[in-house]
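Structural overview
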Amino acid sequence: MKKWTVGMPDRKTVSSLMLSCGVSSLAAAAIASKGYSSPESVMEALNVSELSDPFLIKDMQKAADTINAAIDSDERICIYGDYDCDGIMATVILYSYLAEAGADVFYYIPERSEGYGLNMKAIDSIAEEGASLIVTVDNGISAISEAEYIYSKGMKLVVTDHHQQGELLPRAEAVADPHRHDCFSPFKYMCGAGIALKLVAALDGGDYTMALEQFGDLAAIATVADIVSLTGENRFLVSYGMELLSNSDRPSIMALKEVCGLTDKPVDSQVIGFGLAPRINAAGRFGSPKTAAELFLCEDYDEALTAARELDRLNNMRKDAENSIISEIEAMIDKEPKLIRGRVIFLCGKDWHHGVIGIVASRIVEKFGKPCFIASETEGEIRGSARSFGEFSVFDALTACSDVLEKFGGHPGAGGFTIKNGKADEFGQLLEKYALENHKVMPIAEIKADIPISPTELTVENVQGLSVLEPFGTDNEKPLFYIEKAEITDIMPLSDGAHTKLHIKLGFTQADALIFRKSPSETGLAKGDICDMIVNLGINEFRGKTSVSIVVCDIRPHMFEQNKYFAANSAFEAFLRGEELPQNYYPSMYPSRDDVVKIYKAIPNEGICSDTLYIRLNDRNINYCKFCIAAEALRQLGLVTVSCSDTKIKRVKVSQKADLDSAAVLVSLRSKLAKSH
């Protein structure tokens, strides 16, 4: 369960923005919720109409001069990319331009097994190919020793990157990266392909016309895929690129749209993020990134379609591998629930595919609302990925565990690490120690609604007005809205029970709301329930009729007391971990025999989501912590199972009575009670 927060933008500000900016009430409220209060700030944020001069990036002129000189003197140039979507698109952009300009050019994209960035073996291979100049895209800012090696081999280097600078800059003819400490360019958040597009414009004298027409679509894909800030110049770049993508005659785009089922359909940031980009990334994860690069360099549609189908196949392999690991993890947790009771989640498996464990970590964070570190042991090496949120920094946590790590890197939200042989258990202990010492209260996963919405605001015109905020992405997320006191009048399955449609009543207004990836039984809802919802809104067009589409992101009973819920859950997990709680907690946590029997009898034959069961009990004498202790006691005695995949609690058929008092969790709690008396 996530913590809900609901924005309450100032109504005067909303009215002022509606009048001065000519936007709908929902758009004005969403804008105000993001912190914009003046028409000037709104126009500046929404109406970015160009990219800044490429030569404002430090060393961009030097980079252009070096590359142009190499073209003129017929030197052999190697573009060195990266195996993710951004690196592949950046490589294609620069390679295509240089090849068209008549350069003697080839590209090198490392395989995922080689690791990120320049490496010595690759440099040897490039030297053997006769290159005299290496130009990096989407990497290179941290390649200090590799840069020296390039020069020792008699080659030169130009770096273009968008990652943070370390203490030193690599030796190079030019280092064009807006994150250089001495770079004062106005916009810092472009991806590697965005910087490559700016380099192409610089090579063309600084004019963006050709660069945008030829490569705006590829830069837009990379910008969305790399999850960089969709504000400022990126907003312009993605908007421009989406137009090109929607009407593309590029064989690779047409082929990729076909395998995604998107032929003749408009392309928005969601289509890129969930349709195009995962297939491009799949090449680097499950095949070779060259497959994706070759697709985008292909000029024949039939060849492009063959390559696009291969990317689709690799993406299906990625999904299968991901789901297989998730299933394995769920089985591990069902067998040993304490794996998810820690302050952080650390899981280690055997031969889990390294190309997807970062995605798996994200899914585990989403499911359990805790920072997650996932490692896989392959041929004696234990490598992992981590994801987090809120105030908990992955990088700081890994730094605290550095004694048991071979290497690590990252930032607050994500990171990668390699654990020293035989040190996996100690790594898990150090993570918990760091979390306890630095986060007595762990961050809670949140979902934030921009504003509450009334039934009268659910008009087609009002919802259509939200389009002025597009494209949506990082730092410009799609607005979410809070609906209070919706009465459920009917519940229906969709797609053979894969999804759920709700008929709801809001005052005198009737509406439909969709819940994706949950069957009616999994929602735990019943006709007549009064619920609050956080939703996103869209427009549905069917048989010429236009209507408002309501998609439920989260739903819970009206008047649900979330602060009590999270405090109780925190106390329950702290108790299971053996942490000391205030003495007055223990009496209120201990369930009576009658409490446990009542909970057990309330479980239906088909099972039920444990949180739904708690809500249905509606017993003020059974607080949530007491409920969790009772459920854990029943699980320990083998009377129930609790599945982590859907948090469903089910009764187990038993042939003999169990001694409730013998449950380990109750024995432990009684010892705490005895000390408190």
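The present account deals with the structure reproduced in this document. Since the structure is predicted, the reported quantities are computational estimates derived from the model, not experimental observations.

1. Some details on the sheet that holds strand β19 (residues 608–609)
What the 3 strands build is an open sheet, ordered β19-β21-β20; its pairing is antiparallel. The strands lining the two open edges of the sheet, one partner per strand, are β19 and β20 (640–643). With 2 bridges connecting them, β19 and strand β21 (residues 648–651) associate as antiparallel partners. Bridge pairing in β21 places Ile608 opposite Ile649.

2. Some words on the pattern of salt bridges
Summed over the entire model, instances satisfying the criterion amount to 32 salt bridges. Notably, a salt bridge pairs Arg180 with Asp59, separated by 2.8 Å at the nearest N-O pair. One end of the pair, Arg180, is in the loop between β6 (174–176) and α8 (192–203); the other, Asp59, is in the loop between α3 (39–46) and α4 (60–72), and 121 residues separate them in sequence. Considered together, Arg180 and Asp59 belong to a single accessibility category, that of buried residues. A single network of salt bridges, built from pairs that share partners, joins Arg341, Lys370, Glu573, Glu632 and Arg635.

3. Here we look at the environment of Arg309
As for its position among the elements, Arg309 is in helix α14 (residues 301–335). Taking relative accessible area as the criterion, Arg309 reaches 49% and is therefore assigned partly exposed. Through-space distance from the C-alpha of Arg309 to that of Val259 is 6.4 Å; in sequence the pair is 50 residues apart. What Arg309 contacts, discounting residues up to four positions off in sequence, is Glu258 and Val259.

4. Observations concerning the packing of helix α22 (residues 593–602) against helix α24 (residues 624–636)
Two elements in contact, α22 and α24, have axes whose closest approach is 10 Å; the angle formed by their N-to-C orientations is 75°. Accordingly, the angle class assigned to the pair α22 and α24 is roughly perpendicular. Contacts between α22 and α24 pair Asp595, Val596, Ile599 and Tyr600 from the former with Lys626, Phe627, Ala630 and Leu634 from the latter. Residues belonging to the contact of α22 with α24 are distributed by class as follows: 6 nonpolar, no polar and 2 charged.

5. Points about the packing of α8 against helix α9 (residues 209–225)
At a minimum axis distance of 9 Å, the contact between α8 and α9 shows a crossing angle of 170°. Relative to α9, the element α8 lies roughly antiparallel. For the pair formed by α8 and α9, the contact residues are Ala193, Leu197, Val200 and Ala201 on the first element and Met210, Ala211, Leu212, Phe215, Gly216, Ala219 and Ala222 on the second. Taken together, the residues that form the contact of α8 with α9 break down as 10 nonpolar, 1 polar and no charged.

6. Focus: α22
Along α22, the residues that are buried comprise Asp595, Val596 and Ile599. When α22 is viewed along its axis, its buried side chains cluster within an angular range of 95° and face the same direction. For α22, the exposed residues set more than 90 degrees away from the buried face come down to Arg593, Asp594 and Lys601. Lining the buried residues of α22 we find α23 (610–617) and α24.

7. Observations regarding the side chain of Asn119
Summarising the element assignment, Asn119 is placed in the loop between β3 (104–108) and α6 (120–128). Since its relative accessible area comes to 16%, Asn119 is described here as buried. A polar contact is formed between the side chain of Asn119 and the backbone nitrogen of Ala122, at a distance of 2.8 Å. The contacts of Asn119, once residues within four sequence positions are left out, are Tyr80, Glu114 and Glu146.

8. Things to note about the sheet that holds β3
Taken in spatial order, the 5 strands line up as β3-β2-β4-β5-β6 in an open sheet, and their pairing is parallel. Each edge of the sheet is formed by a strand with only one pairing partner; in this case those strands are β3 and β6. Within the sheet, the average angular offset between the axes of one strand and its neighbour, ignoring direction, is 20°. The sheet contact formed by strand β5 (residues 156–160) and β6 spans 3 bridges and is parallel.

9. Some details on the packing of aromatic side chains
For any pair of aromatic rings, geometry is given as the distance between the ring centres together with the angle between the planes. All chains considered together, the criterion is met by 18 aromatic pairs. Where Trp4 meets Tyr482, the ring centres are 6.2 Å apart and the plane angle is 80°; that geometry is what we call edge-to-face. In this pair, Trp4 sits in strand β1 (residues 3–6) while Tyr482 sits in strand β14 (residues 481–494), placing the two residues 478 residues apart along the sequence. Side by side, Trp4 and Tyr482 carry an identical accessibility label, which is buried. Residues Tyr80 and Tyr108 carry aromatic rings whose centres are separated by 5.4 Å and whose planes lie at 15° to one another, so their mutual orientation is stacked. With Tyr80 in strand β2 (residues 76–80) and Tyr108 in strand β3, this residue pair connects regions lying 28 residues apart in the sequence.

10. Some details on helix α11 (residues 251–259)
Helical periodicity: at 3.6 residues per turn, an α-helix aligns residues three or four positions apart in one direction. Along α11, 7 of the 9 residues are buried, which leaves the element largely enclosed by surrounding structure. Buried residues in α11 make contact with α9, α10 (232–246), α12 (269–286), α13 (289–297) and α14. The positive-phi residue at the C-terminal boundary of α11 is Gly261, with phi of around 70°.

11. Digging into the nonpolar core
Counting 106 residues, the largest nonpolar core has Ile77, Leu98 and Ile374 as the members making the most contacts within it. Setting aside its immediate chain neighbours within four residues, Ile374 contacts Ile329, Leu347, Trp352, Ile357, Val360, Ala361, Ile364, Arg383, Gly384, Ser385 and Phe417. Counting 39 residues, the second-largest nonpolar core is a separate cluster that includes Leu26, Ile488, Leu537 and Ile555.

12. Here we look at the pairing of β5
The buried fraction of β5 amounts to 4 of the 5 residues, a majority that puts the element mostly inside the structure. Note that strand β4 (residues 133–137) and β5 share 5 bridges and pair parallel. Paired with Val135 across the strands is Val158, a residue of β5.

13. Quick notes on the state of the cysteines
Evaluated as defined, the whole model comprises 0 disulfides. Here Cys85 is not cross-linked by a disulfide; its sulfur's nearest cysteine counterpart is in Cys191, at 8.6 Å. For Cys85, a relative accessible area of 1% translates into the label buried. Cys553 takes part in no disulfide bond, and the closest cysteine sulfur, belonging to Cys531, lies 15 Å away. We classify Cys553 as partly exposed; its relative accessible area is 35%.

What counts, and at which threshold
- Residues numbered from 1 in each chain as written.
- Predicted model: local features only at pLDDT ≥ 70, side-chain atom pairs only at ≥ 80, totals over all residues.
- Heavy atoms only, no water.
- Pairing = 2+ DSSP bridges.
- Helix = DSSP H or I, 4+ residues; strand = E, 2+ residues; numbered from the N terminus.
- Salt bridge = Lys/Arg side-chain N within 4 Å of Asp/Glu carboxyl O.
- Buried < 20%, exposed > 50% of the residue type's maximum accessible area, 1.4 Å probe, protein only.
- Contact = heavy atoms within 4.5 Å.
- Axes fitted to C-alpha atoms, helices over the stretch in contact; angles between N-to-C directions.
- Parallel < 35°, antiparallel > 145°, perpendicular 65-115°, else oblique.
- Nonpolar A, V, L, I, M, F, W, Y, C, P; charged D, E, K, R; others polar.
- Arc of directions from axis to C-beta.
- Polar contact = N/O pair within 3.5 Å; in protein donor to acceptor, adjacent residues only side chain to side chain.
- Phe/Tyr/Trp six-rings, centres within 6.5 Å; stacked < 30°, edge-to-face > 60°.
- Core = buried A, V, L, I, M, F, W, Y, C linked by side-chain atoms within 4.5 Å.
- Disulfide = S-S within 2.5 Å.

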